[in-house]
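# Results of the structural survey
Here is what each chain is made of, one letter per residue.
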Amino acid sequence: MQGKKLLALLMALLAVVAIPVSTVSAASASPAPGEILLQPLPGAPVIGSPGEIVEIRPAEGVSIQSLQIVSILHGPYDLEIIGTDNGVLKAKIPEDAVPDVYFLVVKSDEGEVAIPNGVWVVKENPKLLRIAHLSDIHVTSGAKIGFVCGDYFQKSLPEILKYCDHPYAMHSYTAHVSAMTYYAMTGLQGQGVVNVIVSTGDDVDTSGDQEGYRMFDHGILMGTAAGTPFISIKGNHDHPPTYYTKYVNPRYFYEVIGDFLIIGLDSRGEERHPEMEQLQWMEDVLKAHPNKTVIVLVHHPFWYSTPDGKWGGTIKGYTAFDDGDWSALTKFVSWDWEGRNGEYDDIARYFLQMVEKYNIRLVLAGHIHKDKPVLYVDKNGNEHWFYTVTTTGAPDKTSNPPSETDKKLGYTVPSWYGSQVIYVYSNGTVEFPLTGDVLHEGISSLPIPQKFIVYRQNGEDGTAIKFVNELDQTVSGPLVLQIPEGAKIDPDHTNITYTVLGEREIGGAYYVLINATVPEGISQIAAVKETDTKPPDVKVGYITPSKPKPGSLFKVYISASDNVGIRDMKVQIVSDGKVLAEYPAFSMKPSTVSATYLTTVPGVNATEFTIKVIATDFYDNTAEATYEVGGTTTTTTGSSQSTSQSSESTCGPGILVGLALLPVLLKRRE
């Protein structure tokens, strides 16, 4: 009951606070994709060749009036509705449709919606699936931030400052957009490293966070609109699927891509494994699609350990069809699948029997926020890879290097923000082309987005991106910008190489597609209506504790906004006119240009000092704000406009803490 009262109080606080609206949620008045269609949704496209008839599944009671596919470069093409079968529409892809990943624009009696990643038109079926494997992105409309610097990853700013002076913040939304941007640039239309991006669940941190799902869909768009398709499944943080089925996918589904069959399962919430009915559905799908190379996506990993250890290795010479072998195998099977006392033994055994019977070559998973590659070689010598990838977007589990707290909890294998590239050939061969031998304990995934970070900002007067590329190589390929109407790329404030490929208005939003080369180091691109001369608006909201003790840690909360975007924010500690220390500050909601920024100061050995905040936008316009600790004056100045005004804190601790905690309170389970 107390929790309900606290939640009601927080909702009341939200009602009286002016919250900046991001471009991500600008279309929030439109129906959710899943309110119009059951399939396709942004988490899995319809796949077909020019001239092929595909299936479109309307939501119950929805009458579809027209279907159209359009990308930034191609179309629009009308899909001819051939007929219906048990409520499923049969629609024909036009013969002249150019292969691409398209928005599906649906007009219905319940409204119009443009679904990114709606239809993937292929010229010919691939003989090789080049998969970018992401997982546990945990996008949130609240604050979920970790800190990175090279190989280092820590949950807290003071910890990462032990290893470097200039760390970077990794909000879950930033991680999602960074990974989608990178694999789109190196995808189908780019370098050809991958041809499909796959995510194995926990797409959003809180199943009740509707805005988080909109942000997740926006991240999908930033990759798929550049030409690389995306497929995702549900995780336990997406449970119950109240919003998941409206914004991402059905609970479980399958996709056929030529010789390949991808099956997406739902291992549910605290149940942690698919139910028997779902596995029987899976076998029906396998029977209906013989002679396919099968890839299964499921959030919870099947194996807990191997004879080689807990974090990877080989299990060899068993079969789930033999009682004795199965009894021996159960010591390696995860409790999530079998139960602590074997109460789900029939579920786990049935699944592994299907892996063997239908020669499933690859099972991808997530959940544990660590890499765990397992090669299961059955008694007939067939190889079945079970690859579990680390978290792509959540600052959880073990830091890198492990902190003392991690070690006390038993977490000694380091982790980071990662992903993996996996190749699957039509003959069933599985390869890890960029990492080679992955069967060892430790980190086996790639540092994407750990070392390729994309900070996107969308303001009313323009759009800007800051790139941090620490991969020791340039990254080239197609890049999508969402821009205000009338905005153009400003070459004077862009230091990446680019060529404009096309522009298009789709679903009420404007996009430009470029071929870009992002160099090593820090770079940027800006697209604006006109040269930006406005400095950011910045104020120090408050510090906590409000009267820090000398030498003790305290946090600084800053309210800031800009018409295009803020590129950098830093906090200086000043005493007697001298800068004693400087710390970076980070946005708690990087999907917006108006947000609260945060930094942590390890301590100041004084009772009176000045906190000076400096905000810089993409045009090097700067604004400063000062906050006197031990004094009474707070001032704000904008250096580009030579104005000065006194101001007071406009956002108190209760409101900010409430906003940060709301997604946590909505969350049903860890």
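Residues numbered from 1 in each chain as written. Predicted model: local features only at pLDDT ≥ 70, side-chain atom pairs only at ≥ 80, totals over all residues. Heavy atoms only, no water.

To continue, consider the overall build of the protein. Per the secondary structure count, the protein includes 12 helices and 41 strands. For the protein, the residues scored as buried account for 60% of the 670 residues in total. Put simply, 71% of the contacts in the protein that link residues at least 6 apart link residues at least 24 apart. Surface summary for the protein: the accessible area is close to 25,700 Å², and the carbon and sulfur share equals 47%. (Helix = DSSP H or I, 4+ residues; strand = E, 2+ residues; numbered from the N terminus. Buried < 20%, exposed > 50% of the residue type's maximum accessible area, 1.4 Å probe, protein only. Contact = heavy atoms within 4.5 Å. Areas by Shrake-Rupley, 256 points an atom, 1.4 Å probe, with all protein chains shown as cover.)

Let us look at the nonpolar core. Formed by 47 residues in total, the largest nonpolar core has its most connected members in Tyr 183, Phe 216, Phe 452, Phe 467, Leu 481 and Ile 525. Examining the composition of this core, we find that seven residues originate from one element, helix α4 (residues 172-185), more than from any other. There are two domains that each give this core at least three residues, and those are domain 2 (125-431) and domain 3 (473-528). With residues near it in sequence (within four places) discarded, Phe 216 still touches Ile 137, Val 139, His 176, Asp 203, Val 204, Phe 230, Ser 232 and Val 248. Listed in part, the 33 residues of the second largest apolar core include Leu 286, Phe 302, Met 354 and Tyr 376. (Core = buried A, V, L, I, M, F, W, Y, C linked by side-chain atoms within 4.5 Å. Domains from an automatic or database assignment.)

The next point concerns the side chain of Asn 249. As for its placement among the helices and strands, Asn 249 is situated in the loop between α6 (244-247) and β16 (253-257). Here Asn 249 is in contact with Leu 41, Gly 43, Ala 44, Ser 232 and Tyr 244, once residues within four sequence places are set aside.

The subject of this paragraph is the side chain of Glu 338. With respect to the helices and strands, Glu 338 occurs in helix α9 (residues 335-338). Despite being buried, Glu 338 has no salt bridge partner; Arg 349 is the closest side chain of opposite charge, sitting 9.0 Å away. Filtering out sequence-adjacent residues up to four positions away, Glu 338 remains in contact with Trp 326, Thr 330, Val 333, Glu 343, Tyr 344, Asp 345 and Ala 348. (Lys, Arg positive; Asp, Glu negative; His and termini not counted. Salt bridge = Lys/Arg side-chain N within 4 Å of Asp/Glu carboxyl O.)

With that settled, the discussion passes to the state of the cysteines. Applying the stated criterion across every chain yields a total of one disulfide. The partner cysteine of Cys 149 in its disulfide is Cys 164, sulfur to sulfur 2.4 Å. Placement of the pair is Cys 149 in strand β11 (residues 145-149) and Cys 164 in the loop between α3 (157-160) and β13 (168-171), with a sequence separation of 15 residues. Each member of the pair, Cys 149 as well as Cys 164, is classed as buried. (Disulfide = S-S within 2.5 Å.)

Our focus in this paragraph is the sheet that holds strand β32 (residues 537-544). A sheet is described by the order of its strands in space; here four strands give the open sequence β32-β33-β37-β36, paired in antiparallel fashion. Strand pairing shows two members of the sheet lacking a second neighbour, β32 and β36 (586-587), which therefore form its edges. The pairing of strand β33 (residues 554-561) with strand β37 (residues 594-601) spans eight bridges and is antiparallel. Residue Ser 561 lies in a different strand from β37, and its bridge partner there is Ser 594. (Pairing = 2+ DSSP bridges.)

As a further point, take the pairing of strand β31 (residues 521-528). Where burial is concerned, most of β31 is hidden: six out of the eight residues are buried. Direction of pairing for strand β26 (residues 462-469) relative to β31: antiparallel, over a ladder of eight bridges. Each residue of the ladder has a partner; that of Asn 469, found in β31, is Gly 521. Where strand β28 (residues 488-489) lies against β31, two bridges are found, and the strand directions are antiparallel.

Along the polypeptide, Gln 189 turns up in the loop between α4 and β14 (196-199). By relative accessible area, which is 45% here, Gln 189 ends up partly exposed. If near-sequence neighbours (up to four positions away) are discounted, Gln 189 is found in contact with Asp 100, Ala 226, Gly 227 and Pro 478.

On the basis of which strands lie adjacent, the open sheet formed by four strands has the order β1-β3-β7-β6 and antiparallel pairing. The open sheet has two edge strands, β1 (37-39) and β6 (80-85), and neither has a second partner. Taking the axes of each pair of neighbouring strands and ignoring which way they run, one obtains an average angle of 35° across the sheet. (Axes fitted to C-alpha atoms, helices over the stretch in contact; angles between N-to-C directions.)

This part is about the pairing of strand β9 (residues 111-121). In terms of burial, β9 is largely enclosed, as eight of its 11 residues are buried. Strand direction decides the pairing type here: strand β2 (residues 46-48) and β9, joined by three bridges, are parallel. Across the sheet, Gly 48 pairs through a bridge with Val 121, a residue of β9. Where strand β8 (residues 100-108) and β9 come together, eight bridges link them in antiparallel fashion. Along β9, the bridge assignment pairs Leu 104 with Ile 115. From the end of β8 to the start of β9, which pair antiparallel, there are two residues.

Across the protein, the average pLDDT comes to 90, with 90% of residues at 70 or higher. A low-confidence stretch, residues 1-28 stays under pLDDT 50, and its non-local contacts, those more than four residues away or across chains, total 28 contacts. Low pLDDT, under 50, characterises residues 638-670; the predicted model gives this stretch 65 contacts beyond four residues in sequence or across chains. (pLDDT = per-residue confidence, 0-100.)

Below, the discussion takes up the pattern of salt bridges. Tallying each qualifying case throughout the model produces 28 salt bridges. Lys 127 is the partner of Asp 259 in a salt bridge, and the nearest nitrogen-oxygen pair spans 3.1 Å. You can see Asp 259 sitting in the loop between β16 and β17 (260-264) and its partner Lys 127 sitting in the loop between β9 and β10 (128-134), a full 132 residues away along the chain. By relative accessible area, which is 27% here, Asp 259 ends up partly exposed.

The next point concerns the packing of aromatic side chains. Summed over all chains, the structure comprises 23 aromatic pairs. On the basis of an interplanar angle of 90° and a centroid distance of 4.9 Å, the ring pair of Phe 302 and Trp 303 is categorised as edge-to-face. Between Trp 303 and Phe 386, the aromatic rings sit 5.7 Å apart at their centres with planes inclined by 75°, giving edge-to-face as the arrangement. One end of the pair, Trp 303, is in the loop between β18 (293-297) and β19 (313-318); the other, Phe 386, is in strand β22 (residues 383-388), and 83 residues separate them in sequence. According to the relative accessible area criterion, Trp 303 is buried, its value standing at 2%. If you follow Lys 370 out to its NZ or CZ, it ends over the ring of Trp 311, 5.4 Å from the centre. (Phe/Tyr/Trp six-rings, centres within 6.5 Å; stacked < 30°, edge-to-face > 60°. Lys NZ or Arg CZ within 6 Å of the ring centre and 35° of its normal.)

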